[in-house]
Amino acid sequence: MTRVTDARHLIGLSFVLSAYWVPVVMGIAWGVWLGGDPISIGQGIGLSVSQGWLEFPIRTLPLAPLVIGGAGIAALQLLRRAPRPRTEIVADKLAVALAVPYVAILLYAAAFYVYFIIACRLAPRGCSLIL
């Protein structure tokens, strides 16, 4: 039986990959439930994902905490620099690389929040009119 600590790199990668695969699997399930052909539905979803890959992290934003958590675990393991098998290192690097769009969205939201707080502090009447 595999202990959780032995498969930690796979858990972090599966967290990140779940954000990319959940819409695809759900699209195929809905298409089959509606009576469509699974292969043509899968090809249609693949075409949709390949055309809209820039908006893909925005469409799966509710899964961002899962992705950022998995990438955080992977990043901590990469920073440890302990001797590990090459497959674990590749899995951690892939998890971090796939989480970059989600981290960028999080940083953008944090920058907007900080800007809003600073603007409220510097305003003559504060943000009492807004809030």
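Residues numbered from 1 in each chain as written. Predicted model: local features only at pLDDT ≥ 70, side-chain atom pairs only at ≥ 80, totals over all residues. Heavy atoms only, no water.

Engineer: Got a minute to help me understand the packing of helix H1 (residues 8-33) against helix H4 (residues 64-80) in this structure?
Structural biologist: The relative placement of two packed helices comes down to the angle between their axes together with the axis-to-axis distance. Put simply, H1 and H4 touch, their axes get as near as 8 Å, and they point 150° apart. In this structure, the crossing between H1 and H4 has a hand that is left-handed. Counted together, Arg8, Gly12, Phe15, Val16, Ser18 and Ala19 of H1 and Leu66, Val67, Gly70, Ala71, Ile73, Ala74 and Gln77 of H4 form the full contact between these two elements. The class makeup of the residues in the contact of H1 with H4 is 8 nonpolar, 4 polar and 1 charged. (Axes fitted to C-alpha atoms, helices over the stretch in contact; angles between N-to-C directions. Helix = DSSP H or I, 4+ residues; strand = E, 2+ residues; numbered from the N terminus. Left-handed = near helix turned anticlockwise from the far one by under 90°. Contact = heavy atoms within 4.5 Å. Nonpolar A, V, L, I, M, F, W, Y, C, P; charged D, E, K, R; others polar.)

Engineer: When you look at the environment of valine 16 in this model, what are you seeing that I'm missing?
Structural biologist: Here valine 16 lies in helix H1. Valine 16 sits in the buried class, given a relative accessible area of 0%. Between the C-alpha atoms of valine 16 and valine 67, which are 51 residues apart in sequence, the distance is 4.5 Å. Residues within four places of valine 16 in sequence aside, it is in contact with Val67, Gly70, Ala71, Ala95, Leu98 and Ala99. (Buried < 20%, exposed > 50% of the residue type's maximum accessible area, 1.4 Å probe, protein only.)

Engineer: Looking at this structure, how should I read H1?
Structural biologist: An α-helical segment advances 3.6 residues per turn. Residues three or four places apart therefore align on the same side. Between its first and last C-alpha, H1 extends 35 Å over 26 residues, near the 38 Å set by a 1.5 Å rise per residue. At alanine 19, H1 shows its maximal bend, which comes to roughly 40°, and the proline proline 23 appears one to four places after that position. Once H1 ends, the next one or two residues include glycine 35, with phi positive near 100°. (Expected span 1.5 Å × (residues − 1). Bend = angle between axes of the 7 residues up to and from the residue.)

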